Amino acid sequence: MTTSLLAKRSGGRLALLLALALLLIPYLHALATGQPETGSAGLAALHSRAESVYCAKGSTPTGTILLVETLLIAVATLLARGWKTHGNPLQEGLARHGPYLFVFLLLTTIPFLLAWRTGSSACTRGKAFFWESVFIDVFILAILAISYNLLFGFAGIVSFGHAAFFGMGAYTVGLLMKHLAFPWVAAVIVALLVGVVIALIKGVVGLRIRGLYFALFTLAFAEVFFLLAGNRILVDITGAEDGFTFAVPDFLNMTKNRLFFYYLTLVLMALAFWLVRRLMGSPTGQVLRALRDNEERARMLGYNTFTFKLIALVLAGILATGAGVLRGIALKGASPNVLGVGFTFDPLLATIIGGIGTFSGPVLGVFILRLVEQMLRDTVLTLGSVQIDIGERWALILGVIFIIIVLAFPKGIVGTLQEQYRRRKGG
Amino acid sequence: MVQQQPLLEGRNVTKYFGGLAAVHHVDFAVYPGEIVGLVGPNGSGKTTLFNCLSRILPINEGEIYFKGKNITHAKPYQVAHMGLARTFQVIRVYRKMTVLQNMLISRQWRGEGILKMLRPSSKATHERARQLLDFLLLGHLMHEPAGHLSGGQRRLLEIGMALMPDPDIILLDEATSGINPTLIETIKDRIRQLNRQEGKTFLLIEHNIDFISDLCSRVYVLDFGEKLAEGTPEEIKNNPAVIEAYFGAE
């Protein structure tokens with residue numbers, strides 16, 4: 001009975017079901033063992049029961065369960081990969097998707113690991129609370145990098161103006177909620193539509209020129225928004241160079257509901273990752289790769305390459321705008337720097353470090369970029385009696401680390417490792 | 001031969017690169033079901049003419065007709081959709097993709113909706129790709145990256161890619177260059193089969209005179225961008241002007 005049920009499901013779907021089950025277990029456990037806040041009723045009481053368990057300081061049962069699950073998945077994945085049976089969908093699903101499942105579960109565990117190691121709570125001010133915000137920043141930037149990689153790594157379109165999407169996402173959602181009292185859903189939808197419009201304008205006008213010229217066109221295009229946002233003419237609306245702040249609903253408020261926001265951004269990052277993987281595995285994705293490698297040939301195969309580039313640009317635009325929307329909501333405000341070149345070059349750098357045209361490379365790149373930066377910022381090296389404050393020179397040291405990475409991994413970390421693996425496998 | 005409407009026809013086709021006339025006032029016609037050769041010394045404008053016909057290069061003068069329609073200003077993907085396929089002199093398979101992926105990507109997209117393009121290729125497309133690969137003796141290499149194939153196998157793959165969308169005419173640019181004699185025989189045999197059994201029309205650029213003599217019913221000779229001669233392979237071999245163009249005057 002169970003085997004026939006299993007056989008009906010593909011490996012990928014089983015892996016997804018498994019992930020959902022694994023995530024529900026710790027929450028259900030917290031619900032069953034917690035004590036509700038006095039005076040709360042209904043759903044709020046139910047939720048506060050769970051909160052009383054996973055918001056405790058130090059080690060929590062929730063964290064322990066998640067950690068055990070993470071380790072179990074790691075072991076199960078290794079076993080599934082080693083076993084050479086065929087036709088078992090659960091085993092195939094684990095072998096293929098296990099590593100991603102493992103990373104996802106590890107990331108869901110991190111707030112509790114931090115709480116345990118620092119003796120703080122995952123939900124209230126403290127060290128774990130602070131590091132969660134660093135990770136939220138990483139997840140948002142990872143979406144931006146995934147979007148950048150779709151364009152640059154897979155479709156071969158170099159853009160120096162990705163910040164236009166990112167910044168306009170943050171600005172649009174904020175301005176609509178602040179000045180026009182849009183509900184958050186409407187504001188998010190309109191912001192994403194603005195992203196589509198920007199992509200269409202860039203595509204229809206810009207994609208007729210190629211390579212570096214297109215890159216420069218996008219750079220100029222993004223600078224227009226940057227200058228406009230910082231201009232005093234619009235000071236009453238945008239706050240000019242100071243930017244502006246706006247109110248967000250409580251459940252989206254990162255200061256009040258950080259753990260929720262952490263999981264929200266994590267899930268959205270996973271979704272963006274899955275979307276791009278799915279796209280690149282489809283015939284459309286193959287055409288994008290083909291026109292990157294040889295556009296003329298793709299045209300002769302009967303593809304209107306312009307249409308396909310436009311599709312890539314629009315999808316990347318939506319993802320990058322979405323990342324910007326999250327950033328605006330996370331900071332409850334926006335300032336011209338979200339439209340600046342920094343938010344073009346960070347994803348570019350992350351993509352190069354992680355591996356151009358690999359799926360996990362850009363995400364890994366962002367993690368390295370941001371986490372190393374954060375760690376360097378408050379490190380003081382003590383050598384005997386000499387104290388060196390690395391925090392002051394973090395940018396310099398980060399630069400040296402990048403140069404070493406690029407020299408050691410010419411195709412990015414993931415790209416180079418993949419190549420070595422393939423070479424070893426090929427003999 | 002009954003004179004019917006040409007499948008592919010060029011009238012007064014002229015292409016300049018700066019001051020140089022790479023193709024100069026060339027008239028030609030290919031009829032349905034024919035195998036026509038295009039020969040000439042290096043630099044005589046054969047590949048340029050191919051590029052003009054497949055609409056990769058714009059032409060300066062003249063007109064090109066395909067299936068009776070004027071395609072002088074059509075885009076490459078449009079003529080591909082109409083049923084014109086070509087291969088390239090410098091092999092252009094996608095080296096990082098597998099042989100099968102190269103074939104699958106060559107089934108054209110005719111604007112049937114982007115959602116459909118997000119789904120995996122249909123079973124029928126897979127089946128066609130497999131059949132063609134078997135036909136071209138590449139079936140066992142289906143899952144190898146195309147970059148691992150030998151030069152000859154890549155030529156065969158190129159031909160397979162051109163055949164994938166079931167075109168009416170196939171333009172082969174030096175299908176035999178750099179290929180061992182056994183494989184040349186295979187290619188020759190496959191072209192003949194496709195021509196006789198499926199009625200495919202071919203236009204071949206070739207240096208291999210035996211290949212041309214065995215396959216083609218008619219041959220055009222280009223020299224310095226101009227049409228030097230046309231006729232059966234026998235006539236061409238004995239044409240003094242052609243001999244002079246190839247070997248120089250005595």
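Residues numbered from 1 in each chain as written. Chains lettered and ligands numbered in written order. Predicted model: local features only at pLDDT ≥ 70, side-chain atom pairs only at ≥ 80, totals over all residues. Heavy atoms only, no water.

## Quick look at the overall build of chain A
Part 1: Each helix and strand in chain A was counted, giving 18 helices and 4 strands.
Part 2: Its C-alpha atoms give chain A principal-axis dimensions of about 60 × 60 × 60 Å.
Part 3: Looking at chain A as a whole, 49% of its 427 residues are labelled buried.
Part 4: Taking all contacts inside chain A whose residues are at least 6 apart in sequence as the whole, residues at least 24 apart take part in 70%.
Part 5: Split by element, the accessible area of chain A, about 20500 Å² in all, is 69% carbon and sulfur.
Part 6: Measuring between centres, the 35 positive side-chain charges of chain A sit 11 Å from its 20 negative side-chain charges. (Helix = DSSP H or I, 4+ residues; strand = E, 2+ residues; numbered from the N terminus. Buried < 20%, exposed > 50% of the residue type's maximum accessible area, 1.4 Å probe, protein only. Contact = heavy atoms within 4.5 Å. Areas by Shrake-Rupley, 256 points an atom, 1.4 Å probe, with all protein chains shown as cover. Lys, Arg positive; Asp, Glu negative; His and termini not counted. Charge placed at Lys NZ, Arg CZ, Asp CG, Glu CD.)

## Let's talk about the overall build of chain B
Part 1: Summing up its helical and strand segments, chain B has 10 helices and 10 strands in all.
Part 2: In terms of overall dimensions, chain B has a C-alpha envelope of 60 × 40 × 40 Å along the principal axes.
Part 3: Counting only residues that meet the buried cut, chain B has 54% of its 250 residues in that class.
Part 4: Counting contacts in chain B only where the partners sit at least 6 residues apart, residues at least 24 apart contribute 67% of the total.
Part 5: On chain B, the mean spot of the 28 positive side-chain charges and the mean spot of the 27 negative ones are 11 Å from each other.

## Examining the sheet that holds strand β9 (residues 218-223) of chain B
All names here are of chain B.
Part 1: Read from one edge to the other, the open sheet built from 6 strands follows the order β6-β7-β8-β3-β9-β10, with strand pairing classed as mixed. For this open sheet the edge positions go to β6 (84-86) and β10 (226-231), each flanked by a neighbour on one side alone. Direction aside, the axes of adjacent strands within the sheet are offset by 20° on average.
Part 2: Bridge count for strand β3 (residues 35-39) against β9 is 4 bridges, and the pairing is parallel. Across the sheet, the residue bridging to V36 is R218, located in β9. (Pairing = 2+ DSSP bridges. Axes fitted to C-alpha atoms, helices over the stretch in contact; angles between N-to-C directions.)

## Things to note about unusual backbone geometry
All names here are of chain B.
Part 1: Phi is positive for L137, which is not a glycine, with a value near 65°.
Part 2: Tracing the chain through its elements places L137 in the loop between α5 (123-135) and α6 (151-163).
Part 3: Relative accessible area serves as the criterion here: at 43%, L137 is assigned to the partly exposed category.
Part 4: With a phi close to 60°, D166 is a non-glycine residue in the positive phi region.

## Overview of the domain arrangement of chain A
Part 1: Segmentation of chain A into domains returns domain 1 (3-124), domain 2 (129-347) and domain 3 (379-427).
Part 2: The C-alpha centroid of domain 3 of chain A is placed 32 Å from the C-alpha centroid of domain 1 of chain A. (Domains from an automatic or database assignment.)

## Concerning the side chain of K309(A)
Residue and element names in this part refer to chain A.
Part 1: Structurally, K309 can be placed in helix α14 (residues 305-331).
Part 2: Judged by its relative accessible area of 9%, K309 falls in the buried class.
Part 3: Within the local environment of K309, its side chain forms a polar contact with the side chain of E295, the two groups lying 3.4 Å apart.
Part 4: For K309, the contacting residues outside a window of four places in its chain are I157, L207, L291 and E295. (Polar contact = N/O pair within 3.5 Å; in protein donor to acceptor, adjacent residues only side chain to side chain.)

## Some words on the nonpolar core
General note: in soluble globular proteins, nonpolar side chains tend to be found buried as a group.
Part 1: Core analysis: the biggest nonpolar cluster contains 136 residues, and M269(A) and L157(B) have the highest contact counts within it.
Part 2: Here this core gets 16 residues from one element, more than from any other, and that element is helix α6 (residues 127-154) of chain A. (Core = buried A, V, L, I, M, F, W, Y, C linked by side-chain atoms within 4.5 Å.)

## Description of empty space enclosed by the protein
Residues and elements named next belong to chain B.
Part 1: Applying the stated criterion to the full structure yields 4 cavities of 30 Å³ or more.
Part 2: Size it by volume and the largest cavity reaches roughly 60 Å³.
Part 3: Along the walls of the largest cavity sit V39, I209, I212, S213, V219, P233, I236 and K237, which together make up its complete lining.
Part 4: Where the lining of the largest cavity is concerned, the elements lending two or more residues are α8 (209-215) and α9 (233-237).
Part 5: Its residues assigned to classes, the lining of the largest cavity shows 6 nonpolar, 1 polar and 1 charged. (1 Å grid on protein atoms, 1.4 Å probe; cavity = no way out; pocket = protein on both sides within 12 Å on 5 of 7 lines; lining within 4 Å. Points joined across faces, edges and corners; volume = space filled by probe spheres on them. Nonpolar A, V, L, I, M, F, W, Y, C, P; charged D, E, K, R; others polar.)

## Here we look at the domain arrangement of chain B
Residues and elements named next belong to chain B.
Part 1: By domain assignment, chain B separates into domain 1 (1-83 + 169-180 + 200-250) and domain 2 (92-166).
Part 2: Computed over C-alpha atoms, the centres of domain 1 and domain 2 are 27 Å apart.
Part 3: Of the residues lining the interface, 10 residues belong to domain 1; the matching set on domain 2 comes to 9 residues.
Part 4: Taken together, both faces of the contact between domain 1 and domain 2 bury some 790 Å²; the carbon and sulfur share is 57%.
Part 5: Run the count over domain 1 and domain 2 and you get 1 salt bridge.
Part 6: With its nearest N and O atoms 2.6 Å apart, the salt bridge here joins K200 to D166.
Part 7: Where domain 1 meets domain 2, there are 3 residue pairs in polar contact (both at pLDDT 80 or more).
Part 8: Where the side of domain 1 that touches domain 2 is concerned, the elements lending two or more residues are α2 (76-82) and β7 (169-173).
Part 9: Element by element, the count of residues in the side of domain 1 that touches domain 2 is highest for β7, at 3 residues. (Buried area = accessible area lost by both parts, 1.4 Å probe. Salt bridge = Lys/Arg side-chain N within 4 Å of Asp/Glu carboxyl O.)

## Some details on the pairing of β7(B)
Residues and elements named next belong to chain B.
Part 1: With 5 of 5 residues buried, β7 is to be regarded as a mostly interior element.
Part 2: Every second residue of β7 is oriented toward a common face, with I169, L171 and D173 on one face and I170 and L172 on the other, all of them buried.
Part 3: Sheet topology places β6 next to β7; 3 bridges connect them, and they run parallel. Residue pairing across strands places R86 opposite L171, the latter belonging to β7.
Part 4: The parallel pair β7 and strand β8 (residues 201-205) is bridged by helix α7 (residues 181-198), and the resulting crossover is right-handed. (Right-handed = clockwise from strand over helix to strand, strands pointing away.)

## Details of the side chain of N195(B)
Residue and element names in this part refer to chain B.
Part 1: Relative to the assigned elements, N195 resides in helix α7.
Part 2: Classification of N195 by relative accessible area gives buried; the value is 15%.
Part 3: At 3.1 Å, the side chain of N195 forms a polar contact with the backbone oxygen of G33.
Part 4: Ignoring any residue separated from it by four or fewer positions in sequence, one finds N195 in contact with G33, E34, I35, K200 and F202.

## Concerning the state of the cysteines
All names here are of chain A.
Part 1: According to the stated counting rule, one finds 1 disulfide over all chains in the structure shown.
Part 2: Sulfur-sulfur distance for the disulfide between C55 and C123 comes to 1.9 Å. On the S-S bond that ties C55 to C123, the torsion sits near -85°, and the link is left-handed. Pair noted here: C55 is in the loop between α3 (42-54) and α4 (61-82) and C123 is in the loop between α5 (89-118) and α6, with a separation of 68 residues, a long-range link. Summarising the burial analysis for this pair, C55 and C123 share the class buried. (Disulfide = S-S within 2.5 Å.)

## A look at the sheet that holds strand β2 (residues 20-30) of chain B
In any sheet, the strands associate via hydrogen bonds between backbone groups, in a parallel or an antiparallel arrangement.
Part 1: Judged by pairing direction, the sheet is antiparallel, and its 4 strands sit side by side in the order β2-β1-β4-β5 (chain B) without closing on themselves. One side of each edge strand has no neighbouring strand; the edge strands of this open sheet are β2 and β5 (69-70) of chain B.

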